[in-house]
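This is what each chain is made of:
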Amino acid sequence: VLAQALAAGLPVLTTPNSGGPDLVTEGGNGWILPIRAPQDFISKIQALEQDREGLAAMAANLTVNYPSRTWAQVVDELVSGIGK
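Residues numbered from 1 in each chain as written. Predicted model: local features only at pLDDT ≥ 70, side-chain atom pairs only at ≥ 80, totals over all residues. Heavy atoms only, no water.

## A look at the overall build of the protein
Here comes step 1: Secondary structure summary: the protein contains five helices and two strands in total.
Here comes step 2: On C-alpha atoms alone, the protein measures out to a radius of gyration of 15 Å, which is more than a quarter above the 12 Å that the 2.2 N^0.38 rule sets for 84 residues.
Here comes step 3: On the principal axes, the C-alpha backbone points of the protein span a range of 45 × 30 × 15 Å.
Here comes step 4: Taking all 84 residues of the protein together, 20% fall into the buried category.
Here comes step 5: In the protein, the share of contacts with a sequence separation of at least 24, taken over all contacts with a separation of at least 6, comes to 33%.
Here comes step 6: Working note: accessible area of the protein is about 6000 Å², and carbon and sulfur atoms make up 60% of it.
Here comes step 7: Where the 5 positive side-chain charges of the protein centre and where its 8 negative ones centre are 5 Å apart. (Helix = DSSP H or I, 4+ residues; strand = E, 2+ residues; numbered from the N terminus. Rg over C-alpha atoms; globule rule 2.2 N^0.38 Å. Buried < 20%, exposed > 50% of the residue type's maximum accessible area, 1.4 Å probe, protein only. Contact = heavy atoms within 4.5 Å. Areas by Shrake-Rupley, 256 points an atom, 1.4 Å probe, with all protein chains shown as cover. Lys, Arg positive; Asp, Glu negative; His and termini not counted. Charge placed at Lys NZ, Arg CZ, Asp CG, Glu CD.)

Written out as structure tokens, the structure is:
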């Protein structure tokens with residue numbers, strides 16, 4: 001789900017108890033927040049509400065760093081990766 005959100009240009013909020021640390025660059029494409037800390041998630045969402053320009057810039061950066069691919073491109077990458 002995290003990879004799908006990033007591919008769709010959505011910054012993510014996640015915890016270290018997921019694939020988040022492998023995918024998320026803190027403040028670059030999302031944030032890794034502590035587990036069992038719902039107030040941290042609420043605070044981050046409220047901060048993002050106040051910084052719409054920063055959020056929009058992050059989302060725009062995601063579409064540059066994670067460009068869309070067709071299924072044909074994904075299959076080609078997979079096939080070439082298997083052959084190595």
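## Some details on unusual backbone geometry
Here comes step 1: Despite not being glycine, arginine 36 has its phi angle at roughly 50°, a positive value.
Here comes step 2: With respect to the secondary-structure elements, arginine 36 resides in the loop between strand E2 (30–32) and helix H3 (38–50).

## Concerning the environment of glycine 9
Here comes step 1: If you trace the backbone, glycine 9 turns up in the loop between helix H1 (2–7) and strand E1 (12–14).
Here comes step 2: Given a relative accessible area of 7%, glycine 9 falls into the buried group.
Here comes step 3: Counting along the chain gives ten residues from glycine 9 to glycine 19, while the straight-line C-alpha distance between them is 17 Å.
Here comes step 4: Ignoring anything within four residues of it in the chain, the contact list for glycine 9 reads Ala59, Leu62 and Thr63.

## Considering the pattern of salt bridges
Here comes step 1: Under the defined criterion, the tally for this structure stands at one salt bridge.
Here comes step 2: The shortest N-O distance in the salt bridge between glutamate 49 and arginine 52 comes to 2.7 Å.
Here comes step 3: Owing to a relative accessible area of 51%, arginine 52 belongs among the exposed residues under this scheme. (Salt bridge = Lys/Arg side-chain N within 4 Å of Asp/Glu carboxyl O.)

## Here we look at the side chain of threonine 14
Here comes step 1: Relative to the helices and strands, threonine 14 is located in strand E1.
Here comes step 2: In terms of polar contacts, threonine 14 uses its side chain to reach the side chain of serine 18, at 2.8 Å.
Here comes step 3: When residues no more than four places from it in sequence are discounted, the contact partners of threonine 14 are Leu2, Gly20, Val24, Trp31, Ile32, Leu33 and Phe41. (Polar contact = N/O pair within 3.5 Å; in protein donor to acceptor, adjacent residues only side chain to side chain.)

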